[in-house]
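Given next are the chains, with one letter for each unit.
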Amino acid sequence: ITSENDMKWSSLQPTEGNFTYATADAQVAFAKANNMAVRGHTLVWHNQNPAWLFIDASGNPMTPTPENKALLLQRLENHIRAVLTHFGNDVSAWDVVNEVIDPAQPDGFRRSPWFNITGTDYIDRAFQVAREVLPNAKLYINDFDTTNPVKRQFLLNLAADLKNRGI
């Protein structure tokens, strides 16, 4: 089974450092009781994020500065570590990053707050942390419209680049 919304950032961590797993836990328990595999969806996405996520240390909307990049990547790492540690091997596969491709962009990357603040570093870090925490989990880039040849090529290029760099 795949949870549509209950494993997304805004559902699991509505305020910084405060996690609410009850609904997602119930889904995982149902899956376990019925001998079903669970795919976690999703650790990083440009939608359904809590308001605090893209607010800087001074309480202002984040802009692309080195300090904000470091803060956002640390928040990403904290979130992924907490979520994957909580679910452990009960969730065997994860959509690590979701909808990062935009074929209308020359480089193929969606201009999300994640990208605007960190470049593609958020993608690297998300996969690195997920692999560290759950070394045997299946990790995915999730996207839609991959029958579009341009979008598919950008996605394949990203996957090849991540693989070539050992990520």
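Whatever comes next refers back to the structure up there.
Here the structure is a predicted model, which is why all the values come from computation and not from measurement. (Residues numbered from 1 in each chain as written. Predicted model: local features only at pLDDT ≥ 70, side-chain atom pairs only at ≥ 80, totals over all residues. Heavy atoms only, no water.)

A. The arrangement of empty space enclosed by the protein in detail. Scanning the entire structure with this criterion turns up two cavities of 30 Å³ or more. Volume-wise, the largest cavity comes out at about 40 Å³. In terms of lining, the largest cavity is formed by Val44, Trp45, His46, Asn98, Glu99, Val100, Arg110, Ser112, Trp114 and Tyr122. Of the residues in the lining of the largest cavity, the class split is five nonpolar, three polar and two charged. When its volume is computed, the second largest cavity comes out at roughly 30 Å³. Per element, the largest residue contribution to the lining of the second largest cavity is three residues, and it comes from strand β1 (residues 39-44). Looking at the lining of the second largest cavity residue by residue, the classes come out as four nonpolar, four polar and one charged. (1 Å grid on protein atoms, 1.4 Å probe; cavity = no way out; pocket = protein on both sides within 12 Å on 5 of 7 lines; lining within 4 Å. Points joined across faces, edges and corners; volume = space filled by probe spheres on them. Nonpolar A, V, L, I, M, F, W, Y, C, P; charged D, E, K, R; others polar. Helix = DSSP H or I, 4+ residues; strand = E, 2+ residues; numbered from the N terminus.)

B. Region of interest: the packing of aromatic side chains. Evaluated as defined, the whole model comprises eight aromatic pairs. Seen in terms of ring centroids, Trp9 and Trp114 are 5.6 Å apart; in terms of plane orientation they differ by 40°. Their pairing is tilted. Linking Trp9 in helix α1 (residues 9-12) with Trp114 in helix α4 (residues 113-118), this pair joins segments that are 105 residues apart in sequence. Assessed through its relative accessible area of 2%, Trp9 is described here as buried. The class for Trp114 is buried, based on a relative accessible area of 1%. (Phe/Tyr/Trp six-rings, centres within 6.5 Å; stacked < 30°, edge-to-face > 60°. Buried < 20%, exposed > 50% of the residue type's maximum accessible area, 1.4 Å probe, protein only.)

C. Inspection of a nonpolar patch on the surface at higher detail. Taken together, Ile1, Phe30 and Met36 make up a surface patch of nonpolar side chains, about 260 Å² in accessible area. Here Met36 lies in the loop between α2 (22-33) and β1. (Patch = residues over 30% accessible without salt bridge, like charges linked within 9 Å, V, L, I, M, F, W, Y side chains within 5 Å. Areas by Shrake-Rupley, 256 points an atom, 1.4 Å probe, with all protein chains shown as cover. Salt bridge = Lys/Arg side-chain N within 4 Å of Asp/Glu carboxyl O.)

D. Representation of the pattern of salt bridges in the model. Enumeration according to the criterion identifies eleven salt bridges in this entry. The shortest N-O distance in the salt bridge between Asp95 and Arg39 comes to 2.5 Å. Of this pair, Asp95 sits in strand β2 (residues 93-98) while Arg39 sits in strand β1, placing them 56 residues apart in sequence. For Arg39, a relative accessible area of 26% puts it in the partly exposed group. Here Arg111 ties to Asp107 by a salt bridge, and the two come within 2.8 Å at their closest N and O atoms. Three or more residues joined by partner-sharing salt bridges are found here, namely Glu77, Arg81, Arg125 and Glu132.

E. Here's a closer look at the side chain of Arg75. Looking at the secondary structure, you find Arg75 in helix α3 (residues 66-87). If sequence neighbours within four positions are ignored, Arg75 has contacts with Trp9, Glu16, Trp52, Leu53, Phe54, Ile55 and Met62. (Contact = heavy atoms within 4.5 Å.)

F. The pairing of β1, seen in detail. Most of β1 is tucked away, with five of its six residues classed as buried. Looking at chain direction, β1 and β2 are connected through four bridges and run parallel. Residue pairing in the sheet places His41 in a bridge with Asp95 of β2. Handedness of the crossover joining β1 and β2 through α3: right-handed. (Pairing = 2+ DSSP bridges. Right-handed = clockwise from strand over helix to strand, strands pointing away.)

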